[in-house]
Amino acid sequence: DLITDSKGKRAIVITGGPGSGKTAIVSQLVEYSSFRVKKEDAIYHDIQSLDGSDYNMSNSSSSDSGLYQSISTLHHCGARSLGNRVVAYHLCQTDNNITCLVPEFVHSIAAHLCRAPQLAAYRDLVARDQSLQDLLSMPSCIADANAAFRLGILEPLSVLRSKSKIPNTTCLLVIDGLNEAEYHRPDYGDSIASFLIRHFEAIPPWLKLLLTIRTSYGEIMKKLPSHYISLDKASMSENIQKDLCTYIMHRINTSSSIRANITVNNSKVEGSSTSKYVFMRHFIF
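A few points on the structure. (Residues numbered from 1 in each chain as written. Predicted model: local features only at pLDDT ≥ 70, side-chain atom pairs only at ≥ 80, totals over all residues. Heavy atoms only, no water.)

## A closer look at the overall build of the protein
At step 1: Of the regular secondary structure elements, the protein holds 12 helices and 9 strands.
At step 2: Across the 285 residues in the protein, those meeting the buried criterion constitute 45%.
At step 3: Considering only intrachain contacts with a sequence separation of at least 6, the fraction spanning at least 24 residues in the protein is 72%. (Helix = DSSP H or I, 4+ residues; strand = E, 2+ residues; numbered from the N terminus. Buried < 20%, exposed > 50% of the residue type's maximum accessible area, 1.4 Å probe, protein only. Contact = heavy atoms within 4.5 Å.)

## Let's talk about the pairing of strand β4 (residues 86-91)
At step 1: Among the 6 residues of β4, 5 are classified as buried, and the element is accordingly described as predominantly covered.
At step 2: Where β4 and strand β5 (residues 171-176) come together, 5 bridges link them in parallel fashion. Bridging from a neighbouring strand, Val 86 pairs with Leu 172 of β5. (Pairing = 2+ DSSP bridges.)

## Focus on the sheet that holds β5
At step 1: The parallel open sheet is built from 5 strands, whose spatial order is β4-β5-β6-β1-β7. Taken across any chain shown, the strands that pair with only one partner, and hence form the sheet edges, are β4 and β7 (226-230). Sheet twist, expressed as the mean angle between neighbouring strand axes with direction ignored, is 15°.
At step 2: Summarising the sheet, strand β1 (residues 11-16) and β7 pair through 5 bridges and their orientation is parallel. In the strand pairing of β7, Thr 15 is matched with Ser 230. (Axes fitted to C-alpha atoms, helices over the stretch in contact; angles between N-to-C directions.)

## Notes on the nonpolar core
At step 1: In this structure, Val 106, Tyr 122 and Ile 153 are the most contacted members of the largest nonpolar core, which totals 60 residues.
At step 2: Each residue touching Val 106, except ones within four places of it in the same chain, is listed here: Cys 141, Ala 145, Ala 148, Phe 149, Ile 153 and Phe 195. (Core = buried A, V, L, I, M, F, W, Y, C linked by side-chain atoms within 4.5 Å.)

## Some words on the pattern of salt bridges
At step 1: Per the stated rule, a full pass over the model turns up 4 salt bridges.
At step 2: Its salt-bridge partner being Asp 124, residue Arg 123 comes within 3.9 Å of it at the nearest N-O pair.
At step 3: Here Arg 123 falls in the partly exposed class, since its relative accessible area comes to 35%. (Salt bridge = Lys/Arg side-chain N within 4 Å of Asp/Glu carboxyl O.)

## A word on unusual backbone geometry
At step 1: In this structure, Ser 164 is a non-glycine residue whose phi angle is positive, near 60°.
At step 2: You can see Ser 164 is positioned in the loop between α7 (145-162) and β5.

## Some points on the packing of helix α3 (residues 102-115) against helix α9 (residues 192-199)
At step 1: Direction vectors running N to C along α3 and α9 enclose 60°, while the axes themselves pass 9 Å from each other. Taken as axis vectors, α3 and α9 run oblique relative to one another. Of the two possible hands of crossing, α3 and α9 adopt the one that is right-handed. Listed contacts from α9 to Val 102, Phe 105 and Val 106 of α3 are Ile 192, Phe 195 and Leu 196. (Parallel < 35°, antiparallel > 145°, perpendicular 65-115°, else oblique. Left-handed = near helix turned anticlockwise from the far one by under 90°.)

By themselves, these observations are geometric and do not establish any function.
Pasting the structure below:
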């Protein structure tokens with residue numbers, strides 16, 4: 001798959017227009033990572049819907065119940081599997097200009113790496129090495145972000161992995177909104193995107209980048225050997241449409257207030273599998 005691919009493409013670049021869901025994808029990954037408290041899995045036999053109303057899956061057909069339980073389990077497992085690989089993330093925000101600057105990026109990534117349970121050996125190394133702490137401090141990142149990133153993050157991680165002190169698995173470094181950082185690109189020096197390109201070859205191959213950027217800025221990342229995923233083509237993707245159908249049907253089945261406010265050809269959706277399906281088709285297509 002794209003995450004464990006070892007054929008040289010060590011980055012995944014997700015492109016899309018405004019509102020296409022790039023940040024939503026990153027938020028979902030972070031939610032299932034060690035950086036967020038996990039919510040308990042939804043139990044669809046007796047679920048509390050988002051609007052506060054209770055709906056028991058026994059109200060729907062037994063085939064519907066089995067379908068949504070299976071899909072839910074599959075989606076949760078997939079999200080967890082990806083989330084468990086996230087060892088650091090950074091969100092670039094136009095209205096918070098410090099998040100768009102390279103020194104803050106390096107400092108933030110180092111802090112997250114020290115918190116990642118997969119990289120406990122790195123945390124221990126930084127904790128006992130004062131020179132590393134000094135190198136990764138904010139003043140040092142401002143003075144020389146390149147040295148801080150290379151000597152304080154990349155080289156120690158490579159050494160620890162070579163000594164088998166870091167698990168032999170692919171990890172994810174997730175960065176959202178590279179186009180946002182371009183708005184605050186300094187007159188001299190790198191933006192976060194150009195900084196990553198500059199250091200890309202030194203990034204350990206097991207630390208894969210997952211980047212999001214607006215389509216109009218996509219050319220910036222073309223220099224990277226990457227897998228590209230365009231959310232602009234989502235309407236033409238059969239898999240995306242299947243996911244939308246699954247989600248809409250799940251929301252209808254788990255929310256009595258939604259069902260009470262939907263009619264298809266003057267027929268209430270409540271209790272009718274056919275009318276629910278017709279509504280879902282109208283909603284998407």
